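Coordinates in review
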Amino acid sequence: QVQLVESGGGLVQAGGSLRLSCAASGSIFSINAMGWYRQAPGKQRELVGTITSGGSTNYAEPVRGRFTISRDNAKNTVYLQMNSLKSEDTAVYYCNADIRSHRAYNYRAYWGQGTQVTVSS
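A brief look at the structure comes next. (Residues numbered from 1 in each chain as written. Predicted model: local features only at pLDDT ≥ 70, side-chain atom pairs only at ≥ 80, totals over all residues. Heavy atoms only, no water.)

**Comments concerning the overall build of the chain**
A count of helices and strands for the chain gives zero helices and 11 strands. Beginning at the N terminus, the succession of helices and strands in the chain can be written as β-β-β-β-β-β-β-β-β-β-β. Compactness check: the chain gives a C-alpha radius of gyration of 14 Å against a globular reference of 14 Å for 121 residues, within 12% of the reference. Each principal axis of the C-alpha distribution contributes one length, and for the chain these read about 45 × 25 × 25 Å. (Helix = DSSP H or I, 4+ residues; strand = E, 2+ residues; numbered from the N terminus. Rg over C-alpha atoms; globule rule 2.2 N^0.38 Å.)

**Here we look at the packing of aromatic side chains**
Across all of its chains, the model carries one aromatic pair by this definition. Positioned above the aromatic ring of Y94, the side-chain terminus of R45 is 3.7 Å from the ring centre. Sitting over the ring of Y110, R108 keeps its end group 3.9 Å from the ring centre. (Phe/Tyr/Trp six-rings, centres within 6.5 Å; stacked < 30°, edge-to-face > 60°. Lys NZ or Arg CZ within 6 Å of the ring centre and 35° of its normal.)

**Considering the nonpolar core**
Core analysis: the largest hydrophobic core is formed by 30 residues, its most contacted members being W36, L80, M82, Y93 and I99. Looking at this core, the elements with two or more residues in it are β1 (2-7), β3 (18-26), β4 (28-39), β5 (46-51), β7 (67-72), β8 (77-82), β9 (91-101) and β11 (115-120). For this core, the element with the highest residue contribution is β9, accounting for five residues. Sequence-distant contacts of M82, that is, excluding residues within four places in its chain, are made with G16, S17, L18, L20, R66, F67, Y93 and V117. (Core = buried A, V, L, I, M, F, W, Y, C linked by side-chain atoms within 4.5 Å. Buried < 20%, exposed > 50% of the residue type's maximum accessible area, 1.4 Å probe, protein only. Contact = heavy atoms within 4.5 Å.)

**Brief notes about the pairing of β5**
Pairing of β4 with β5 involves five bridges; the strand directions are antiparallel. Each residue of the ladder has a partner; that of G35, found in β5, is T50. Taking the residues between adjacent antiparallel strands as the criterion, β4 and β5 are bridged by six residues, where G42 takes a positive phi near 75°. Direction of pairing for β5 relative to strand β6 (residues 57-59): antiparallel, over a ladder of three bridges. Bridge pairing in β6 places G49 opposite Y59. (Pairing = 2+ DSSP bridges.)

**Here we look at the sheet that holds β7**
Read across the sheet, four strands follow the order β1-β3-β8-β7 without closing on themselves; strand pairing throughout is antiparallel. Of all strands in the sheet, those with a lone pairing partner are β1 and β7, marking the two edges. Taking the axes of each pair of neighbouring strands and ignoring which way they run, one obtains an average angle of 15° across the sheet. (Axes fitted to C-alpha atoms, helices over the stretch in contact; angles between N-to-C directions.)

**A word on the layout of surface pockets**
In this structure, the largest pocket encloses a volume near 200 Å³. Counted by class, the lining of the largest pocket contains three nonpolar, three polar and seven charged residues. (1 Å grid on protein atoms, 1.4 Å probe; cavity = no way out; pocket = protein on both sides within 12 Å on 5 of 7 lines; lining within 4 Å. Points joined across faces, edges and corners; volume = space filled by probe spheres on them. Nonpolar A, V, L, I, M, F, W, Y, C, P; charged D, E, K, R; others polar.)

**A look at the pattern of salt bridges**
Any two side chains of opposite charge can pair, so long as their charged atoms come close to each other. Considering all chains together, one arrives at three salt bridges under this definition. Two residues, R38 and E46, come together in a salt bridge whose shortest N-O distance is 2.7 Å. Judged by relative accessible area, which is 6%, R38 ranks as buried. Its salt-bridge partner being D89, residue R66 comes within 2.8 Å of it at the nearest N-O pair. Of this pair, R66 sits in the loop between β6 and β7 while D89 sits in the loop between β8 and β9, and the two are 23 residues apart along the sequence. A relative accessible area of 11% means that R66 is categorised as buried. (Salt bridge = Lys/Arg side-chain N within 4 Å of Asp/Glu carboxyl O.)

See below:
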């Protein structure tokens, strides 16, 4: 069984920073791409950014230049460093990873439980 567990959310003032972490655990054979999504109240879940197993990143336009995604393959962990936070960044943040477990032949998407980020103006 594979799990993704996020941590690091909380309340921060506009202009501040937060760092989210997401650790994958369980019967993991290999992890491909990892990424972060967010969902604000009353809105659809949207992509924040992704990172490949080789470290190439891609960001959504609203966060480009302010957020940085990194990963530690040895720890099966992905990070989201959020700087210059704005009130519109308030959302539940979810991590996502394409993982092949030891029991599977293919990769499938796994999701974390979500962590709340609230930016006060």
